[in-house]
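# Breakdown of the fold
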Amino acid sequence: KSKGDHIVGQNIKAVDAALNELREVKYSVAEWAAASSSEECYRKPRDEAPPAYVTEILDKVQVREGTELKVSQLEPDGCVPVGQTAYAKRGVAECIPVVDMDKCIQ
């Protein structure tokens, strides 16, 4: 057998394990219906005015309003100008994943 067959087998086992661990989540229908759909938590306060590209393009994408953008507003090659991630809302991860190169198949 090739290493590929072994990896496929592991993937199947992982899916089966996930299916076996599915649990019902109980919640209050009334609380869920009254929940706020505000996207304000995605808006990042800024100390200085960002470039127009950020306010016109990236901010809309950040708050999931990217469907309002016109194709003509985007860069023709699909690239984002350098340095724009400084304006993105980011959280700090509670832990940092580490790659186990012995298990890496690429």
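Below you will find a few notes about this structure. Quantities reported herein were computed from a predicted structural model and do not represent experimental measurements. (Residues numbered from 1 in each chain as written. Predicted model: local features only at pLDDT ≥ 70, side-chain atom pairs only at ≥ 80, totals over all residues. Heavy atoms only, no water.)

### Digging into the overall build of the protein
- In terms of helices and strands, the protein carries 3 helices and 0 strands.
- Of the regular secondary structure in the protein, the N- to C-terminal order runs α-α-α.
- Looking at the 106 residues of the protein, the share that counts as buried comes to 9%.
- Total accessible area on the protein is roughly 9,700 Å²; 57% of this is exposed by carbon and sulfur atoms. (Helix = DSSP H or I, 4+ residues; strand = E, 2+ residues; numbered from the N terminus. Buried < 20%, exposed > 50% of the residue type's maximum accessible area, 1.4 Å probe, protein only. Areas by Shrake-Rupley, 256 points an atom, 1.4 Å probe, with all protein chains shown as cover.)

### With respect to the pattern of salt bridges
- For the structure on display, the rule yields 2 salt bridges.
- Across the pair Glu21 and Arg23 runs a salt bridge whose closest N-O atoms are separated by 3.2 Å.
- For Arg23, a relative accessible area of 57% puts it in the exposed group.
- Residue Glu24 pairs with Lys26 through a salt bridge whose shortest N-O separation is 3.8 Å. (Salt bridge = Lys/Arg side-chain N within 4 Å of Asp/Glu carboxyl O.)

### So, a nonpolar patch on the surface
- Nonpolar side chains collect at one region of the surface, where Val25, Tyr27, Val29 and Trp32 lie side by side and expose about 540 Å² of accessible area between them.
- Relative to the helices and strands, Val29 resides in helix α2 (residues 29–34). (Patch = residues over 30% accessible without salt bridge, like charges linked within 9 Å, V, L, I, M, F, W, Y side chains within 5 Å.)

### Some details on the packing of aromatic side chains
- The tally for this structure, following the rule as stated, stands at 1 aromatic pair.
- On the numbers, 5.9 Å between centres and 55° between planes, the contact of Tyr27 with Trp32 is tilted. The pair formed by Tyr27 and Trp32 is uniform in burial state, with each residue classed as exposed. (Phe/Tyr/Trp six-rings, centres within 6.5 Å; stacked < 30°, edge-to-face > 60°.)

Structural measurements only, silent on function.
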